[in-house]
Amino acid sequence: TMTPADTLKGAPDQFIAILRNASTLEAFVGGRYEFPLRQGSTGSPARMFVNLQLGFLDISGGGGDVVDMHHLGVGAMAVKGIFAQSFLEVGVGKNDVFLRHPNRRYIVDGYLCIDPNAIPGLDVLFTQPDGRVRPFVELTGDFDFGHHSDSVQTYFGLNFNFGH
């Protein structure tokens, strides 16, 4: 029987094996500047922000060159209340995955995170009284606002706040 300690000992080798056998590799780095709090005296204060993200995508058998994926966006994030951590961001970017208009992309990223304690029925599913586990849905879009290819991705999941 493997113990958790045995699993941790093999983790570096497993990580290297995953990287070597992966068919794609994505890497992103970014920075976000958050402006002072807006509507601080209300029940739903928000912060405006500017977000810069630089990244690439490498596909196995893709010819050796990585695909650039960058964007600059502005948005607003709820910092308290039922929708804390939810945000909406819009921006412009570059995405070399698209053959037409790779340098003229319009980016939309919406993230909705809900405090389950505020909605009858959800509070039974998530028994954390302090909101450590929150369900979320996120939709990202990459558009050219023309007749060419676009991308829309939707994510559903649980947001775990370990530092709560």
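Overview of the structure. No experiment lies behind these values; they were computed from the predicted model shown. (Residues numbered from 1 in each chain as written. Predicted model: local features only at pLDDT ≥ 70, side-chain atom pairs only at ≥ 80, totals over all residues. Heavy atoms only, no water.)

What follows concerns the overall build of the protein chain. Tallying secondary structure elements over the protein chain gives 2 helices and 7 strands in all. When the elements of the protein chain are put in sequence order from the N terminus, they spell out α-β-β-β-β-β-α-β-β. Buried residues in the protein chain amount to 26% of all 164 residues. Excluding contacts between residues fewer than 6 apart, the proportion of contacts in the protein chain whose partners are at least 24 apart in sequence is 46%. Surface exposure of the protein chain reaches about 11100 Å², of which carbon and sulfur atoms provide 61%. (Helix = DSSP H or I, 4+ residues; strand = E, 2+ residues; numbered from the N terminus. Buried < 20%, exposed > 50% of the residue type's maximum accessible area, 1.4 Å probe, protein only. Contact = heavy atoms within 4.5 Å. Areas by Shrake-Rupley, 256 points an atom, 1.4 Å probe, with all protein chains shown as cover.)

Here the focus is the pairing of strand S5 (residues 105–113). Across 7 bridges, the pairing between strand S4 (residues 87–95) and S5 is antiparallel. Each residue of the ladder has a partner; that of Phe 87, found in S5, is Tyr 111. Here S5 pairs with strand S6 (residues 133–143) via 8 bridges, running antiparallel. Paired with Leu 112 across the strands is Val 137, a residue of S6. (Pairing = 2+ DSSP bridges.)

With that settled, the discussion passes to the nonpolar core. Counting 6 residues, the largest nonpolar core is built from Phe 49, Met 77, Phe 87, Tyr 111, Cys 113 and Phe 136. What Tyr 111 contacts, discounting residues up to four positions off in sequence, is Gln 85, Ser 86, Phe 87, Phe 136, Val 137, Glu 138 and Asn 159. (Core = buried A, V, L, I, M, F, W, Y, C linked by side-chain atoms within 4.5 Å.)

A separate point is the side chain of Ser 86. Mapped onto the secondary structure, Ser 86 falls in the loop between strand S3 (67–78) and S4. Reaching out from Ser 86, the side chain makes a polar contact with the backbone oxygen of Phe 83 at a distance of 2.9 Å. Contact partners of Ser 86, with chain neighbours within four places excluded, come to Ala 76, Met 77, Ala 78, Tyr 111, Leu 112 and Cys 113. (Polar contact = N/O pair within 3.5 Å; in protein donor to acceptor, adjacent residues only side chain to side chain.)

What follows is about the side chain of Arg 105. Mapped onto the elements of the fold, Arg 105 is located in strand S5. Within the local environment of Arg 105, its side chain forms a polar contact with the side chain of Asp 142, the two groups lying 2.6 Å apart. Among all residues touching Arg 105, those that are not within four sequence positions of it are Gly 91, Val 92, Gly 93, Lys 94, Asn 95, Phe 98, Arg 100, Asp 142, Phe 143, Asp 144, Ser 149 and Asp 150.

So, about the packing of aromatic side chains. Under the defined criterion, the tally for this structure stands at 6 aromatic pairs. With centroids separated by 4.9 Å and ring planes inclined at 85°, the aromatic side chains of Tyr 33 and Phe 35 adopt a geometry described as edge-to-face. When its relative accessible area of 51% is taken as the criterion, Tyr 33 is described as exposed. Taking the centre distance of 6.0 Å and the plane angle of 25° together, the rings of Phe 143 and Phe 145 count as stacked. Cluster of aromatic residues (ring-pair linked, three or more members): Phe 49, Phe 87, Tyr 111 and Phe 136. Here Arg 105 stacks its cationic end above the ring of Phe 98, 3.7 Å away from the centre of that ring. (Phe/Tyr/Trp six-rings, centres within 6.5 Å; stacked < 30°, edge-to-face > 60°. Lys NZ or Arg CZ within 6 Å of the ring centre and 35° of its normal.)

All right, on to the sheet that holds S5 then. With respect to topology, 7 strands assemble into an open sheet ordered S1-S2-S3-S4-S5-S6-S7, the strand pairing being antiparallel. Two strands in the sheet have a free side with no partner beyond their single neighbour: strand S1 (24–38) and strand S7 (151–160). Ignoring strand direction, the axes of neighbouring strands in this sheet form an average angle of 15°. Direction of pairing for S1 relative to strand S2 (residues 46–59): antiparallel, over a ladder of 13 bridges. Bridge pairing links Ala 27 to Phe 56 in S2. (Axes fitted to C-alpha atoms, helices over the stretch in contact; angles between N-to-C directions.)

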